[in-house]
Amino acid sequence: MTTVSYDKEYDVIVIGGGHAGCEAALAVSRMGLKCLMLTMNLDTIAQMSCNPAIGGLAKGHIVREIDALGGEMAKVTDKTGIQFRLLNTKKGPAVQAPRAQADKKLYQLTMKKRLEDQEGLDIKQEIAEEILVRGSKVYGVACQTGMCYKAKAVIITTGTFLNGLIHIGLTTFPAGRMGEFPAVKLSESLRSLGFDIKRLKTGTPARINKRSIDLSKVQAQYGDPVPTPFSFSTGRIEQEQIPCYITYTNPGTHKYILDNLDRSPLYSGRIKGIGPRYCPSIEDKVVRFKEKERHQIFLEPEGINTDEIYLNGLSTSLPQDIQIAILRTIKGLENSEIMRFGYAIEYDFCPPTQVKPTLETKLIENLYFAGQINGTSGYEEAAAQGLMAGINAALKIRDNTPFVLERSEAYIGVLIDDLVTKGTNEPYRMFTSRAEYRLLLRHDNADTRLMEYGFKFGLISKARYDAMMTKKDLIRKGVELAKSRRPDEAASFPEEVKKQVDLEIKYEGYIKRQVKEAERLRKLEKVKIPSSLEYKKIKGIRKEAQEKLDKIRPESIGQASRISGISPCDISMLYVYLESLPKRSV
């Protein structure tokens, strides 16, 4: 094939137009660099491939952190959400989180328009096939058309498209998403560069026509009377809110599934990739939890101007005739008409121990991975990685200090540290239980925790930053007044400030304890490890530990201590060895 070089050079190329790609491209261009997004289909930018919802437990925290850092997901959700709920309001503040149903098509179109309007960002419909590398440094991307685009850095955000394979019953066919081509040659390019590539699996349920549901037999679920916005810049939610519905499977449903497991690709051995443990298919639920008489199904509208209903909790890759029969057994869905059948998809990913905490790959300089290529699941986890990869690519091009969030600073910090330090063999999903300092990392204080970073990088306006600093100062004053037994003087403070003051006072002891623990961790993070350190030379460290340390190449004692299989004794020996080195080599 004849190749042609495009006559314009870019600072950063983003491959993929999903949630990670959108945040990466916006971050790069908003930081003043020239960015190119390459996507297979302009009409599916920011498409919600699965659940038409944003947020939830821990995920909602991430979205608010993305907003505080200057990302776009929260603002678009506020503009296009059709039902907002604050979850776990009867529990402690650390595990409360916002969630919203979004109008699927409107979300996609709104995000696409924001990309199109962004100065410094070009968007092209191209299929990326080869990562161009000179020595061990990336310099561009070659596409299916023969066009080559050059850049100083490349961010890969390919979602489930890398060598994607769809399963419906015993039928399989290549696809990145239903009806879309997979990225086969790009996967081959990464393998040829020396990346370790493995397989994961995820799935999606059927969508049914709302008019075919007997709504008198299902339970309506309404949003909050006063919706909680995701973005700290959103004053209030103005658009119409609509209900979701709840129904359940039953023993008859389960029997039908168990009787037809021989036609399931999951149980016939056709699917080789590992699926999400915390979001299993309905056939997996029925097999693993045989004692349960029913499983909950949420009937979630895909938008205001469509009758498509997403069956959350009924993900499946069973044959189409079985999917139809299963629905016939469920209360309210006896006469339901399927508009899109459920399916499973296998895809390639690169185990994330191959990337640094900045999300730059260890193997190829200036090449970054973000999203499902790193083994995660979920729009929110992907968007967070895209934002961080975009920021770090821009910082590196400018020769600025890289940006790495600590575990005590953000759920995003926990997410990336888990990935690069521990790796994953299954689709990674964020939970509040993964964060050691979750009382410090509440969704309601994401702005005061992180907005200074966003402002520093030029992603947060001066007006938003000033408003946050005013809020932060009022919280401090409110706490002082409460402690001096003069709370009446804070009566005119904004309601959100009063809530923060109340939480700070009520949980003061716990917060101080977590702050102290976080400071101890921060000291370990400050003990840096030379990138060229030869672990096999360190006496006293077990051979297994030496091999793991050599593979992960931790950047600090703190990160090394979190590697699975590394003992306190190994860490002690490593610390003693580092102390014996000349200071300039550390």
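As a starting point, this report considers the structure included with it. (Residues numbered from 1 in each chain as written. Predicted model: local features only at pLDDT ≥ 70, side-chain atom pairs only at ≥ 80, totals over all residues. Heavy atoms only, no water.)

1. Regarding the nonpolar core
So, point 1. Among the nonpolar cores identified, the biggest contains 104 residues, and Ile-131, Ile-155, Leu-190 and Ile-412 are the most heavily contacted of them.
So, point 2. For this core, the element with the highest residue contribution is helix α10 (residues 379–397), accounting for 11 residues.
So, point 3. Residues in contact with Ile-131, not counting those within four places in the same chain, are Ile-15, Val-138, Gly-140, Val-141, Val-154, Ile-156, Leu-186, Ser-189, Leu-190, Leu-193 and Leu-367.
So, point 4. If you look at the next biggest cluster of nonpolar residues, it comprises 21 residues, including Val-218, Tyr-245, Leu-261 and Ile-326. (Core = buried A, V, L, I, M, F, W, Y, C linked by side-chain atoms within 4.5 Å. Buried < 20%, exposed > 50% of the residue type's maximum accessible area, 1.4 Å probe, protein only. Helix = DSSP H or I, 4+ residues; strand = E, 2+ residues; numbered from the N terminus. Contact = heavy atoms within 4.5 Å.)

2. Let's talk about the sheet that holds strand β14 (residues 207–209)
Either a parallel or an antiparallel arrangement is found when strands of a sheet pair, and the pairing is made through backbone hydrogen bonds.
So, point 1. Pairing is antiparallel in the open sheet, where six strands are placed in the order β15-β16-β17-β18-β14-β19. Strands with a single pairing partner mark the edges of an open sheet, and in this sheet they are β15 (219–221) and β19 (338–340). Each strand axis lies, on average, 35° off the axis of its neighbour in the sheet, ignoring direction.
So, point 2. Strand direction decides the pairing type here: β14 and β19, joined by two bridges, are antiparallel. Counted as the bridge partner of Arg-207 is Arg-340 from β19. (Pairing = 2+ DSSP bridges. Axes fitted to C-alpha atoms, helices over the stretch in contact; angles between N-to-C directions.)

3. What to know about helix α2 (residues 59–68)
So, point 1. With respect to burial, α2 is a largely interior element, 10 of its 10 residues being buried.
So, point 2. Here α2 has its buried residues at Lys-59, Gly-60, His-61, Ile-62, Val-63, Arg-64, Glu-65, Ile-66, Asp-67 and Ala-68.

4. Looking at the packing of aromatic side chains
So, point 1. Under the defined criterion, the tally for this structure stands at seven aromatic pairs.
So, point 2. Relative to Phe-369, the ring of Phe-195 has its centre 5.1 Å away and its plane inclined at 50°; by these criteria the two rings are tilted. Taken together, the residues span a long stretch of sequence, with Phe-195 in the loop between α5 (184–192) and β13 (198–204) and Phe-369 in strand β21 (residues 367–369) at a distance of 174 residues. One exposure class covers both Phe-195 and Phe-369, and it is buried.
So, point 3. Ring geometry for Phe-403 versus Phe-457: centroids 4.9 Å apart, planes at 65°, classification edge-to-face. Of this pair, Phe-403 sits in the loop between α10 and α11 (411–422) while Phe-457 sits in the loop between α12 (446–456) and α13 (462–483), placing them 54 residues apart in sequence.
So, point 4. Within the aromatic cluster, the residues linked to one another by ring pairs are Tyr-6, Tyr-10 and Tyr-149.
So, point 5. For Arg-134, the ring lying beneath its charged end belongs to Tyr-139, and the centroid distance is 4.0 Å. (Phe/Tyr/Trp six-rings, centres within 6.5 Å; stacked < 30°, edge-to-face > 60°. Lys NZ or Arg CZ within 6 Å of the ring centre and 35° of its normal.)

5. Regarding the environment of Leu-193
So, point 1. Considering the arrangement of structural elements, one finds Leu-193 in the loop between α5 and β13.
So, point 2. Considering only alpha carbons, one finds Leu-193 and Glu-130, 63 residues apart in sequence, at a separation of 10 Å.
So, point 3. Dropping the residues within four chain positions of it, Leu-193 is found in contact with Ile-131, Val-133 and Leu-363.

6. Side note on the side chain of Thr-424
So, point 1. With respect to the helices and strands, the residue Thr-424 is situated in the loop between α11 and α12.
So, point 2. In this structure the side chain of Thr-424 is engaged in a polar contact, spanning 2.5 Å, whose partner is the backbone oxygen of Glu-426.
So, point 3. Excluding residues within four positions of it along the chain, Thr-424 makes contact with Phe-349, Pro-352, Asn-374, Gly-375 and Leu-419. (Polar contact = N/O pair within 3.5 Å; in protein donor to acceptor, adjacent residues only side chain to side chain.)

7. Focus on the pairing of strand β9 (residues 137–143)
So, point 1. The element β9 is largely enclosed, with a buried count of five among its seven residues.
So, point 2. Strand direction decides the pairing type here: strand β8 (residues 128–134) and β9, joined by six bridges, are antiparallel. Bridging from a neighbouring strand, Leu-132 pairs with Gly-140 of β9.
So, point 3. Two successive antiparallel strands, β8 and β9, enclose a turn made up of two residues, where Gly-135 displays a positive phi of approximately 70°.
So, point 4. Note: β9 against strand β10 (residues 147–156), three bridges, orientation antiparallel. Within the sheet, the bridge partner assigned to Ala-142 lies in β10 and is Cys-148.
So, point 5. Between the end of β9 and the start of β10, which pair antiparallel, lie three residues, with Gly-146 showing a positive phi angle near 100°.

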